[in-house]
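Summary of structural features
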Amino acid sequence: MNIRIEAALLKLFDRYRIVFWYDAKQELRVDFEALSLPGVEKLEITNNEYGIKYRLLREEPDQKFLLFHAGPQPTDLDNWLLDVQLAHGEFRTDQAALWLSELELGLEFIDVIQAHAEFYQAAKRKEALKKILKHDDTSGIIRLKILAVCAASEPRIDSVMENLLQELADNRDDKIKLIGRCALDTFLWEQITRYYGYKSNEPGIRDFVIELFKSCFAMSTDGQVRLNDDALVFLKRWKDSRQFESGFETLSGECADVLGVEQDLAKRDFKELLELDYFLLIDQKIISDLVRALVSRTVSSSDVALWVRQRRQSHWYREYRHLYEAVDFAAQFMHALGEAKFTMDSLVDGVQRYSRIWYRLDQLYRKFTYHVRMSGQASLMDTLTEQIENLYSNSYLLRLNDRFQSFVDDASKWDASPIPLQKHFFERWVQPFLRKDNKICVIISDAMRYEIGDELLSLIRQEDRYSAELEPALSMLPSYTQLGMAALLPNKELEMADNDSGTVLVDGQSSQGTINRSKILSQATGGRATATIYEDLMAMNRDESRELLKANDVLYIYHNRIDHTGDKMHSEGQAFEAAEQTMEDLVRLIKKLTAANASNILITADHGFIYQNRPIEESDFSGVEAAGKSILYRDRRFVLGKGLKASQGLRKFLPNELGLHGDVEVQIPKSINRLRLKGSGSRFVHGGASLQEVVIPVLKINKKRQSDVTSVEVDILRGASSVITSGQLAVALYQAGPVTDKIQSRVLRVGIYTEAGQLISDSHDLTFDLVSDNPRERELQVRFVLTHMADEVNGQEVILRLEEKHAGTSHYKEYKSLRYLMRRSFTSDFEF
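Notes on the structure follow. Just so it is clear, the model here is predicted, and its values are computed rather than measured. (Residues numbered from 1 in each chain as written. Predicted model: local features only at pLDDT ≥ 70, side-chain atom pairs only at ≥ 80, totals over all residues. Heavy atoms only, no water.)

1. Structural notes on the nonpolar core
If you look at the biggest cluster of nonpolar residues, it comprises 213 residues, and the most contacted ones within it are Trp238, Tyr556, Leu593 and Ile603. Residues within four places of Tyr556 in sequence aside, it is in contact with Phe425, Phe426, Val430, Val442, Ile444, Leu488, Leu489, Leu521, Thr530, Ala531 and Thr532. One finds Val712, Ile752, Leu786 and Tyr815 within the second-largest nonpolar core, a separate group that totals 26 residues. (Core = buried A, V, L, I, M, F, W, Y, C linked by side-chain atoms within 4.5 Å. Buried < 20%, exposed > 50% of the residue type's maximum accessible area, 1.4 Å probe, protein only. Contact = heavy atoms within 4.5 Å.)

Structure representation (structure tokens):
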């Protein structure tokens, strides 16, 4: 006890020169007499008030005094030292007074201490409270801080509620029970009523959260609203909180069941829900209705794109991203197919039109199929998927290649000049670098068809300081790996081996495998070229990769993911996942090479492929079998042999017609038909003469010294008035130009703030990534809901602030702002 008394007195003497001590029960004289405080003189009040007063104020005005009285404090009329006592401190020895002393609070807060005595029983709670107390705190603020300690939150009512709601979601009640034990429950619900308008005869956390979801949903629909706009702001803040989002999601699901949200949504048009994301069921409703609308062809591609873009701001978008993307790509595919005209007047015209226009349909089909697979919602998407499959296979793939086949049949030789033939790759694209004494890296990704190369082009251009160009080339025929890989090497003569291996000879040497290809490269460059595979290069450290590039003028890197996946029956269905991974691989590889001082890079492929996600129908197989003097090699899309017999369903080529030497002949099934081949997949095929198989990409990549990537500019469109007169504000934000590869999207946090920087509205995280050339389609309307704190700055200027996150941090900097005058009438407080 003596140690506690001494500690409490020392704290008081830090604040006061004179401290009074009334021993009302006359049981602490021994403690008083035993005290020895440095710099403090002890005096006892025993009918000597006048003498003490003279000494305190006149004789020793700088000395510290502890005045002890054995008995209760006299009444004010009888207390001759009352004026001195009121100007200085009083030491009290009851428990509440000791707690006050520990917290360095004045006696005016004794009621706050006594009312919540249970709180102070734990030293950790007292210490936590003491750390956040400030000298100008009022009783109400101290109570809020006590509440915050109980809830392990910031001393704000919204933070308290976020923590209590998280506890409810976790099926725990430690914090709310502690609040009850500390007699803070009445104060808590008073604050909830004050801030959010919540009233209940039996208030509780679960009852509050049900009313919160019910009222906020009703604010945007047509239900009964019992809470105020601050409740809506709180719900949005809670929903968007990374820390508490799991609690929000749990309670959102529970409240959706309680409130019968599924039944309510069934009666609504999805368009009236596009700005709402309080329940996961809203996203399910929107996606389900969008799928049905696409199947029935009652919505336009531009509308779907707009709606999907709106939903990107949804809380649940990450969970349903693949479904939204699939819907968007399906709409784009249908629109593009409706616009397409598959007319061509020659083989070269077909190749050129494909590389400019038609490839996009293959790209959209691939993206749709990929996102459906990744969504894991095959049943939901079943009808739309079947429709897209039928359109792709019958209205596009078959029609296009039936038309193209007529020119393949009429061609006297396999050529599409001025589109380069694959066997001229080294001379056309590699030699120009060597003539200028520049090094060149060539990446060959097996089966990376043209449309994948186009998407890769965009990904590369989005990287800072990287420029890239894309050209089409015509692959060799048949379009299979051994021939394509051989044609990309320096060569004078290409010849298919006279055996059943399918191997291709380059100037008489086998081109099978990386070792043989390295030999051919080395011989053509005087020992200054070699080949490696993707996995080996990526395993090298920086010094090893730099040495490899330093030692060679030409480096070929072979990458094989798409063909490796698609060529196997058990994995061909994952071909489009392999395409996505391939693009990621190649971007990483490019960065690895440039880090090793490579500045010139080419990317191409040995061939393309046809892929249809649905099971191949009987009509897709050729009705004839290849026959002849000898069949050397047989695949789904081509046959190698000698003395091959002409057939109506097969197109026969002599080697010289294909730019090849030797006497091995080739037959390919017409259009997109397959040959029957036991034990091999039939959905992913290549080797034939379809545009998807024979148009290959050639990407030319260069790294610049200076940054060439910027973010798109965003402006605030000032309305007719700069005065805020109600509880809400609508603002138009304008994206100054379309997003491109080099002008990239910008993400901004937008809210209304006071001059002191206090947020007085809800806050929006907005992504500006619009690609439209139409300025009207790049406007974004945002509605802000003001909180009750806006009333405190009525008549003052407030700031609409657009903020951008510092790269790699959680800190924000101001991007742009616009000032408004807050002038709300008292009538805005009433609901009419």
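There is more to say, and it comes next.
2. Topic: the pairing of strand 3 (residues 64-69)
As judged from the 5 bridges shared by strand 1 (residues 18-22) and strand 3, these two strands associate in the parallel manner. Following the sheet pairing, Val19 is matched in strand 3 by Leu66. As defined by bridge partners, strand 2 (residues 40-44) adjoins strand 3 across 5 bridges and the pair is classed as parallel. Among the inter-strand pairings, Glu44 is bridged to a residue of strand 3, identified as Phe68. Handedness of the crossover joining strand 2 and strand 3 through helix 3 (residues 49-59): right-handed. (Pairing = 2+ DSSP bridges. Helix = DSSP H or I, 4+ residues; strand = E, 2+ residues; numbered from the N terminus. Right-handed = clockwise from strand over helix to strand, strands pointing away.)

3. Side note on the sheet that holds strand 23 (residues 728-735)
Sheet strands pair via backbone hydrogen bonds, and the direction of the pair is either parallel or antiparallel. One open sheet accounts for 3 strands, arranged 21-23-27; its pairing is antiparallel. Only two strands of the sheet have a single partner each, and these edge strands are strand 21 (714-717) and strand 27 (779-785). Here the average twist between neighbouring strands, direction ignored, is 30 degrees. Relative to strand 23, strand 21 runs antiparallel, the two being bridged by 4 bridges. When the sheet's bridge partners are listed, Ile716 is paired in strand 23 with Leu733. (Axes fitted to C-alpha atoms, helices over the stretch in contact; angles between N-to-C directions.)

4. A few points about the sheet that holds strand 8 (residues 504-506)
Here 3 strands make up an open sheet; going across it, the order is 7-8-9 and the pairing antiparallel. The open sheet has two free edges, formed respectively by strand 7 (494-496) and strand 9 (509-510), since each of these has just one partner strand. Sheet topology places strand 8 next to strand 9; 2 bridges connect them, and they run antiparallel. Its bridge partner being in strand 9, Val506 is matched across the sheet by Gln509.

5. Things to note about the pairing of strand 10 (residues 529-533)
By the criterion of burial, strand 10 is predominantly enclosed, with 4 of the 5 residues buried. Two strands pair when backbone bridges link them, and strand 10 and strand 11 (residues 554-559) are joined in this way by 5 bridges, in the parallel orientation. Note that in strand 11 the partner of Thr532 across the bridge is Ile557.

6. A few points about the packing of helix 22 (residues 450-462) against helix 28 (residues 575-595)
With their axes 10 Å apart at the nearest point, helix 22 and helix 28 run at an angle of 40 degrees to one another. Accordingly, the angle class assigned to the pair helix 22 and helix 28 is oblique. Along this stretch, helix 22 crosses helix 28, giving a crossing that reads as right-handed. Counting all contacts with helix 22, which are made through Ile452, Glu455, Leu456, Leu459 and Ile460, the residues of helix 28 involved are Ala579, Glu580, Met583, Leu586, Val587 and Ile590. Its residues placed into classes, the contact of helix 22 with helix 28 shows 9 nonpolar, no polar and 2 charged. (Parallel < 35°, antiparallel > 145°, perpendicular 65-115°, else oblique. Left-handed = near helix turned anticlockwise from the far one by under 90°. Nonpolar A, V, L, I, M, F, W, Y, C, P; charged D, E, K, R; others polar.)

7. Regarding the packing of aromatic side chains
The final tally for this structure, using the stated rule, is 35 aromatic pairs. Aromatic side chains Tyr196 and Phe208 sit 6.1 Å apart centroid to centroid with 35 degrees between the ring planes, which places their arrangement in the tilted category. Taken as a pair, Tyr196 in helix 11 (residues 185-196) and Phe208 in helix 12 (residues 205-220) lie far apart in primary sequence, 12 residues in all. Across this residue pair, the class does not change: Tyr196 and Phe208 are buried. Each member of the aromatic cluster is reached from another via a ring pair, and the members are Trp189, Tyr195, Tyr196, Tyr198, Phe208, Phe213, Phe217, Phe234, Trp238, Phe248, Phe279 and Trp316. Positioned over the ring face of Phe609 is Arg449, at 4.3 Å from the centre of the ring. (Phe/Tyr/Trp six-rings, centres within 6.5 Å; stacked < 30°, edge-to-face > 60°. Lys NZ or Arg CZ within 6 Å of the ring centre and 35° of its normal.)

8. Details of the side chain of Thr787
Looking at where Thr787 falls in the secondary structure, it is placed in the loop between strand 27 and strand 28 (797-805). Every residue in contact with Thr787, bar those within four places of it in the chain, is listed here: Asp230, Val233, Ile760, Ser761 and Arg824.

None of the figures reported here should be taken as evidence of function without further support.
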